[in-house]
Amino acid sequence: MTTILLIGAYGFLGSNILNYINRTLPGEYKVIAFDKFPYHPHGMRFDCVSKSYAGDFSDSYLMNEVFEQNKIDLVIHSLSTTIPARSYNAKYDIESNLIPSINLLDTMLKYNVKDIVYISSGGAIYGDFNKGLHKENEDVFPKSSYGVIKLSIEKYMMQYAELYGLRPLIVRLSNPYGPYHYSMKQGICNVALATAINNDIFKVWGNGEGRKDYIYVEDFVTILFKLLNLKIHTQVINIGSNKIVSVNGILKEIKCLVPDFKWEYAEASRYDVSDFELDTSKLESLIGKYEFKDITDGMKLTYDWTKSIC
């Protein structure tokens, strides 16, 4: 049985990873959960979680304790303390994300743990400078501190691979949406759905014409474990659905589900990437063709889940 240290275990992506292991891979993985909460804040229970640690990711003493007390085979790093639209404090980003991530790598090496998955960003990394399909090997120009920090962590992981034999799998993820998303700060599909169900007016930053890749979160988690099963490492891989939709298109999908839904437009955030589309040919070469959830079907499933918690 493989033991995973899941950092950010009770967030949106972490909860979906835990749910996937519970439902699809029972008995194959044991999870050590690390989060700011000692248990899932919304009462979810996962049989695969054998132990849970609560604390600040920047607490290097606590992180050392986690490795000292457990035999860890794989780390999945899905935690970020900031979001692109609000990452205007570079010093805070460095102190709360970059430095703790480097400390994590050093602790892994201390305890001879070499395998790590880092969930990076398929939008914030690339920026707006280049248009068209974004390839993993192109020059990138992040607009936000969030994107700069994500890229810096990627670069340090690859440096540690070269110098110390670390085996990172870096996935640049597009815009995920779906169940177990509780935040009202990031993730337009989920936030707009919750706003609509609560009969509030949704604020759109910009004119809504920006087009991006949206991926149903269960598709992402399924692909992640396909890559793990193939033992892919020391690579950067785009993960997206090639389902390119404008913000206005997302809002229209929601209006079909909630006819009274209303929204208004506001000035765009200068930190947000307006358009992006990922080149996923590398991913397809590794796992073959994959049938992604259609945006209409994915939004309906997300609506059903969101309605159940509102």
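Keep in mind that this is a model prediction, so the values were computed, not measured. (Residues numbered from 1 in each chain as written. Predicted model: local features only at pLDDT ≥ 70, side-chain atom pairs only at ≥ 80, totals over all residues. Heavy atoms only, no water.)

### Quick notes on the pairing of strand E7 (residues 167-173)
Line of reasoning, step 1. Here E7 lies mainly inside the structure; 6 of its 7 residues are buried.
Line of reasoning, step 2. The sheet contact formed by strand E5 (residues 115-121) and E7 spans 7 bridges and is parallel. Counted as the bridge partner of Tyr 118 is Ile 170 from E7.
Line of reasoning, step 3. Pairing of E7 with strand E11 (residues 235-239) involves 5 bridges; the strand directions are parallel. In the strand pairing of E11, Ile 170 is matched with Val 236. (Buried < 20%, exposed > 50% of the residue type's maximum accessible area, 1.4 Å probe, protein only. Helix = DSSP H or I, 4+ residues; strand = E, 2+ residues; numbered from the N terminus. Pairing = 2+ DSSP bridges.)

### Quick look at the pairing of strand E10 (residues 211-216)
Line of reasoning, step 1. Most of E10 sits inside the fold, with 5 of its 6 residues counted as buried.
Line of reasoning, step 2. Both strand E8 (residues 175-177) and E10 contribute to a ladder of 3 bridges, which runs parallel. Of the residues in E10, the one forming a bridge with Asn 175 is Tyr 214.
Line of reasoning, step 3. The pairing of E10 with strand E12 (residues 244-246) spans 3 bridges and is antiparallel. For Lys 212, the partnering residue across the bridge sits in E12 and is Val 245.

### Observations concerning the sheet that holds strand E3 (residues 49-54)
Whether parallel or antiparallel, the strands of a sheet pair through hydrogen bonds between backbone atoms.
Line of reasoning, step 1. What the 7 strands build is an open sheet, ordered E3-E2-E1-E4-E5-E7-E11; its pairing is parallel. The open sheet has two edge strands with one neighbour each: E3 and E11. Strand-to-strand twist across the sheet, computed as the mean angle between neighbouring axes with direction ignored, equals 20°.
Line of reasoning, step 2. Of the strand pairs in this sheet, strand E4 (residues 74-77) and E5 are connected by 4 bridges, and their pairing is parallel. (Axes fitted to C-alpha atoms, helices over the stretch in contact; angles between N-to-C directions.)

### Concerning the side chain of Asp 213
Line of reasoning, step 1. The residue Asp 213 is located in strand E10 in this model.
Line of reasoning, step 2. Buried and unpaired, Asp 213 has Lys 243 as its nearest opposite-charge partner, separated by 9.3 Å.
Line of reasoning, step 3. A polar contact of 3.0 Å, which involves the side chain of Asp 213, links it to the backbone nitrogen of Ser 241.
Line of reasoning, step 4. For Asp 213, the contacting residues outside a window of four places in its chain are Ser 174, Asn 175, Gly 240, Ser 241, Asn 242, Lys 243, Ile 244 and Phe 276. (Lys, Arg positive; Asp, Glu negative; His and termini not counted. Salt bridge = Lys/Arg side-chain N within 4 Å of Asp/Glu carboxyl O. Polar contact = N/O pair within 3.5 Å; in protein donor to acceptor, adjacent residues only side chain to side chain. Contact = heavy atoms within 4.5 Å.)

### A look at the sheet that holds E12
Line of reasoning, step 1. With mixed pairing, 3 strands are arranged side by side in an open sheet as E8-E10-E12. Two strands lie at the open edges of the sheet, namely E8 and E12, each paired on one side alone. Between one strand axis and the next, the sheet turns through 50° on average, direction left out of account.
Line of reasoning, step 2. Packing of helix H6 (residues 217-229) onto the sheet brings it into contact with E8 and E10, and relative to E10 it is tilted by some 70°.

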